[in-house]
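Fold and geometry: a report
Spelled out from the first residue to the last, the chains are:
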Amino acid sequence: MLNTYFRVIVGTMVLLSVVLTVYVSPNWMWFTVFIGVNLIQSAFTKWCLLETILVKLGVKKEAKGCAVNP
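This text gives an overview of the structure that appears in the document. (Residues numbered from 1 in each chain as written. Predicted model: local features only at pLDDT ≥ 70, side-chain atom pairs only at ≥ 80, totals over all residues. Heavy atoms only, no water.)

In this structure, Leu 2, Phe 6, Val 10, Ile 35, Cys 48, Leu 50, Leu 54 and Val 59 together form the largest nonpolar core, which totals 8 residues. Contributing elements (two or more residues each) for this core: helix H1 (2-23) and helix H3 (49-56). Ranked by the residues each element gives to this core, the list is headed by H1, at 3 residues. The residues touching Cys 48, leaving out its near neighbours within four places in the chain, are Phe 6 and Ser 42. (Core = buried A, V, L, I, M, F, W, Y, C linked by side-chain atoms within 4.5 Å. Buried < 20%, exposed > 50% of the residue type's maximum accessible area, 1.4 Å probe, protein only. Helix = DSSP H or I, 4+ residues; strand = E, 2+ residues; numbered from the N terminus. Contact = heavy atoms within 4.5 Å.)

The subject of this paragraph is unusual backbone geometry. Despite not being glycine, Lys 46 has its phi angle at roughly 60°, a positive value. With respect to the helices, strands and loops of the structure, Lys 46 is situated in the loop between helix H2 (29-45) and H3.

The relative placement of two packed helices comes down to the angle between their axes together with the axis-to-axis distance. Running from N to C, H1 and H2 point in directions that differ by 155°, and their axes come no closer than 7 Å. Classified by the angle their axes make, H1 and H2 are roughly antiparallel. Listed contacts from H2 to Phe 6, Val 10, Met 13, Val 14, Ser 17, Val 18 and Thr 21 of H1 are Met 29, Phe 31, Thr 32, Ile 35 and Leu 39. Residues belonging to the contact of H1 with H2 are distributed by class as follows: 9 nonpolar, 3 polar and no charged. (Axes fitted to C-alpha atoms, helices over the stretch in contact; angles between N-to-C directions. Parallel < 35°, antiparallel > 145°, perpendicular 65-115°, else oblique. Nonpolar A, V, L, I, M, F, W, Y, C, P; charged D, E, K, R; others polar.)

As a further point, take the environment of Ile 9. Along the chain, Ile 9 falls in helix H1. When its relative accessible area of 27% is taken as the criterion, Ile 9 is described as partly exposed. Along the chain, Ile 9 and Leu 50 lie 41 residues apart, while their C-alpha atoms are 8.9 Å from each other. What Ile 9 contacts, discounting residues up to four positions off in sequence, is Leu 50 and Leu 54.

For the pair H1 and H3, the least separation of the axes is 10 Å and the interaxial angle reads 125°. Overall, the two elements H1 and H3 adopt an arrangement that is oblique. As H1 packs across H3, the resulting crossing turns out to be right-handed. Counting all contacts with H1, which are made through Leu 2, Tyr 5, Phe 6, Ile 9 and Val 10, the residues of H3 involved are Leu 50, Glu 51, Leu 54 and Val 55. Taken together, the residues of the contact of H1 with H3 break down into 8 nonpolar, no polar and 1 charged. (Left-handed = near helix turned anticlockwise from the far one by under 90°.)

As structure tokens, this is what we get:
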């Protein structure tokens, strides 16, 4: 379940930042960059703030998936 929430939230944030970039200000592209940098750092550190927040909110980790630490 965590993997599903993770993908939906990150995908929504990326799409929202693109829409805001097109219709509000090009500076919103920095939000997209921030999301990308966080995804890259979590690949190396195996730590993701969004995952920590979701677990504290009670979302269950699955046995496998890209948003679950081994």
